[in-house]
Amino acid sequence: MHTSLILPKRPGPAPKTLGRLPHSQLTQHGPDDIVDALHTWCFGLPNINNENSGISVPGSRALVLQDDMPGNEAAFMIGREFAHIHPKPDNGSMHLVLPVEDVAEVKRTTWGEDHYLVTQGQWPVGLVMIFSPRDESELMVVKQIVARSYEFATGTQIFD
């Protein structure tokens with residue numbers, strides 16, 4: 001059983017985001033080396049395929065749970081995709097699915113916000129945008145959030 005996310009406050013004001021589709025981050029993007037490290041870590045998770053997103057903008061890379069693995073339908077956006085990383089110019093922000101109880105912590109600490117479709121009542125609470133990590137310490141926090149999404153999708157913990 002998981003424990004709820006406990007996150008430090010994200011430094012500074014939240015970035016500007018586009019309040020329509022495609023829901024994207026407009027400011028405060030992480031540098032390429034940090035975003036590359038995020039990709040490397042995410043796609044190194046066990047039983048995950050790196051695929052084109054089935055639901056996001058072209059160039060988005062999706063974390064898709066392999067077909068032969070048990071998964072939680074409530075964690076998937078489309079097919080077995082539970083998260084995706086946006087390409088430039090929206091460099092390194094992500095959409096992912098979290099348990100409802102973790103969404104409030106992500107928003108309270110300003111690491112992310114509800115997806116536009118959630119704010120419009122067109123998608124259940126749990127689908128969030130996670131802001132692009134801007135440095136190594138922020139990357140560590142984003143990894144914690146992605147690990148929680150992975151756990152929600154797979155039932156398997158990455159971090160103890």
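To keep things clear, this report deals only with the structure shown in the data block. The structure displayed is predicted, hence computed values, not measured ones. (Residues numbered from 1 in each chain as written. Predicted model: local features only at pLDDT ≥ 70, side-chain atom pairs only at ≥ 80, totals over all residues. Heavy atoms only, no water.)

### Considering the overall build of the protein chain
- Within the protein chain, the secondary structure is distributed over four helices and six strands.
- Taking the principal axes of the C-alpha coordinates as reference, the protein chain spans close to 40 × 35 × 35 Å.
- Burial analysis of the protein chain (160 residues in total) assigns 49% to the buried set.
- Look at the contacts in the protein chain between residues 6 or more apart in sequence, and 59% of them connect residues 24 or more apart.
- With an accessible surface of roughly 7500 Å², the protein chain has 56% of that area assigned to carbon and sulfur atoms.
- Positive and negative side-chain charges of the protein chain, numbering 12 and 19 respectively, have mean locations separated by a distance of 8 Å. (Helix = DSSP H or I, 4+ residues; strand = E, 2+ residues; numbered from the N terminus. Buried < 20%, exposed > 50% of the residue type's maximum accessible area, 1.4 Å probe, protein only. Contact = heavy atoms within 4.5 Å. Areas by Shrake-Rupley, 256 points an atom, 1.4 Å probe, with all protein chains shown as cover. Lys, Arg positive; Asp, Glu negative; His and termini not counted. Charge placed at Lys NZ, Arg CZ, Asp CG, Glu CD.)

### Points about the sheet that holds strand E5 (residues 112-114)
- The six strands lie next to each other as E1-E2-E3-E4-E6-E5, forming an open sheet whose pairing is antiparallel. Single-partner strands in this sheet number two, and they are strand E1 (48-52) and E5. The mean angle between the axes of side-by-side strands here comes to 30°, regardless of whether they run parallel or antiparallel.
- Bridge count for E5 against strand E6 (residues 127-130) is three bridges, and the pairing is antiparallel. (Pairing = 2+ DSSP bridges. Axes fitted to C-alpha atoms, helices over the stretch in contact; angles between N-to-C directions.)

### Quick word on the pattern of salt bridges
- Under the definition given, this model contains eight salt bridges.
- The salt bridge partner of Glu105 is Arg108, with a shortest N-O separation of 3.1 Å. In this pair, Glu105 and Arg108 are both assigned in helix H2 (residues 100-108), three residues apart and thus about one turn of the helix distant.
- With a relative accessible area of 11%, Glu105 lands in the buried category.
- A relative accessible area of 54% means that Arg108 is categorised as exposed.
- Salt bridges linked by common partners bring Glu101, Asp102, Arg148 and Glu151 together as one network. (Salt bridge = Lys/Arg side-chain N within 4 Å of Asp/Glu carboxyl O.)

### A few points about the side chain of Gln25
- Tracing the backbone shows Gln25 in the segment before helix H1 (32-42).
- Given the relative accessible area of 2%, Gln25 is considered buried.
- The contact partners of Gln25, leaving out residues within four places of it in the chain, are Pro15, Lys16, Thr17, Asp90, Ser93, Met129, Ile130, Phe131 and Ser132.

### Here's the deal with the environment of Ile78
- Assignment of secondary structure puts Ile78 in the loop between strand E2 (61-65) and strand E3 (81-85).
- The class for Ile78 is partly exposed, based on a relative accessible area of 36%.
- Spatially, the C-alpha atoms of Ile78 and Glu151 are 17 Å apart, while their sequence positions differ by 73 residues.
- Sequence-distant contacts of Ile78, that is, excluding residues within four places in its chain, are made with Gly54 and Ile55.

### So, the pairing of E2
- Counting buried positions over the five residues of E2 gives four, a clear majority of the element.
- Bridge count between E1 and E2: five bridges; the pairing is antiparallel. Bridging from a neighbouring strand, Asn49 pairs with Val64 of E2.
- Taken together, the four bridges between E2 and E3 define a ladder with antiparallel strand orientation.

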